[in-house]
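A structural walkthrough
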Amino acid sequence: MKNDIKIGALLIIFSALSFSIMEIAVKISGSRIPVMEQVFARNFITLFISGFVMIKNREKFFPDKKNIVSILCRSASGYLGIIAYFYAANNMILADASVLQKTSPFWSSLFAFILIKEKILKVQWIGLIIAAIGSIFVIKPAMNSNVFPALAALSSAMFAGISYAIIGSLKGKESNSLIIFYFSLFSCLFSLFFIKSFVMPNIFELLILLLIGIFAGFGQFFLTIAYKKAPVSAVSIFNYTGVIFSYLFSVFLFNEIADIYSVIGMIIIILAAALVYYYKRKA
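Residues numbered from 1 in each chain as written. Predicted model: local features only at pLDDT ≥ 70, side-chain atom pairs only at ≥ 80, totals over all residues. Heavy atoms only, no water.

In the nomenclature of an unreviewed UniProt entry, the protein chain corresponds to Transporter from the organism Brachyspira murdochii. One UniProt comment on the protein chain, placed under Subcellular location (unreviewed entry), says "Membrane". (UniProt positions renumbered as here; feature names shortened; annotations may be inferred.)

Observations concerning the side chain of Ser-156
Positionally, Ser-156 belongs in helix α7 (residues 147-169). Overall, the relative accessible area of 1% leaves Ser-156 in the buried class. At 2.5 Å, the side chain of Ser-156 and the backbone oxygen of Ala-153 are in polar contact. Not counting chain neighbours up to four residues away, the residues in contact with Ser-156 comprise Gly-81, Ala-84, Tyr-85 and Gln-101. (Helix = DSSP H or I, 4+ residues; strand = E, 2+ residues; numbered from the N terminus. Buried < 20%, exposed > 50% of the residue type's maximum accessible area, 1.4 Å probe, protein only. Polar contact = N/O pair within 3.5 Å; in protein donor to acceptor, adjacent residues only side chain to side chain. Contact = heavy atoms within 4.5 Å.)

A few points about helix α8 (residues 176-194)
Helix length check: α8 (19 residues) gives 27 Å between terminal C-alpha atoms against 27 Å at 1.5 Å per residue, within 8%. For α8, the complete set of buried residues consists of Ser-177, Leu-178, Ile-179, Ile-180, Phe-181, Phe-183, Ser-184, Phe-186, Ser-187, Cys-188 and Ser-191. (Expected span 1.5 Å × (residues − 1).)

Details of the packing of helix α2 (residues 35-56) against helix α3 (residues 68-91)
It is the contact of α2 with α3, at a shortest axis distance of 10 Å, that shows an interaxial angle of 125 degrees. Classed by the angle they form, the pair α2 and α3 counts as oblique. For the pair α2 and α3, the crossing hand works out as right-handed. Seen from α2, the contacting residues are Val-35, Met-36, Gln-38, Val-39, Arg-42 and Asn-43; seen from α3, they are Tyr-79, Ile-82, Ile-83, Phe-86, Tyr-87 and Asn-90. Considered class by class, the residues forming the contact of α2 with α3 number eight nonpolar, three polar and one charged. (Axes fitted to C-alpha atoms, helices over the stretch in contact; angles between N-to-C directions. Parallel < 35°, antiparallel > 145°, perpendicular 65-115°, else oblique. Left-handed = near helix turned anticlockwise from the far one by under 90°. Nonpolar A, V, L, I, M, F, W, Y, C, P; charged D, E, K, R; others polar.)

Written out as structure tokens, the structure is:
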């Protein structure tokens with residue numbers, strides 16, 4: 001079990017770095033490319049990668065009947081989470097969007113408790129409350145339209161939490177590639193349906209869209225394998241390495257400096273995660 005947790009933690013860090021690079025591509029392309037096109041690009045490449053892996057490994061392409069509802073729910077929640085996060089990344093400071101989205105480990109623990117009865121400790125409830133307080137510092141609620149992107153980032157974390165909990169429930173039941181394949185297929189089909197005004201990308205934008213898909217694919221595979229390798233609540237804290245990656249990228253690439261309230265919020269959220277993690281290790 002200890003080795004599984006170590007491997008799972010390393011995979012989560014690789015996933016966080018991959019998703020942070022994806023965020024850069026989303027931010028760059030978002031000045032002209034609509035969110036739905038970005039979401040399609042994010043999942044189109046992953047669809048082919050997962051399909052290729054399934055063919056190579058001679059895996060089945062259809063899930064067991066008893067798992068269909070779970071896979072559909074995982075796909076829908078993941079899809080909604082991506083839309084919300086891409087919107088947030090395009091409309092607010094990248095580091096702020098990242099730290100709000102990275103509250104997903106708290107939500108994943110909560111939904112793992114609700115959906116698959118995974119044990120949750122009292123300290124995790126405390127951590128969830130502390131993380132919520134930290135989120136308030138980042139969001140800085142006010143009655144204006146600037147709050148909406150921040151709320152979108154937070155909602156993306158909740159949808160991600162549901163997705164990760166469902167992935168945990170599928171452990172040992174369906175392959176990683178199959179779960180990712182149907183999630184990608186679901187996302188591509190619905191993105192095409194909801195694209196209202198298609199924007200033809202130029203060569204540079206096409207390259208950036210490809211990078212979104214490539215690094216999203218890496219991040220998704222690392223994440224799915226990690227959550228099937230180890231308990232969700234044991235390794236999810238390492239998602240917070242993504243906050244560090246995103247903040248560095250935000251400062252050096254986009255000249256975006258988080259204000260003092262956002263920094264306080266980031267520290268509170270990360271400390272809450274650390275509290276839960278180290279308490280569980282001690283227990």
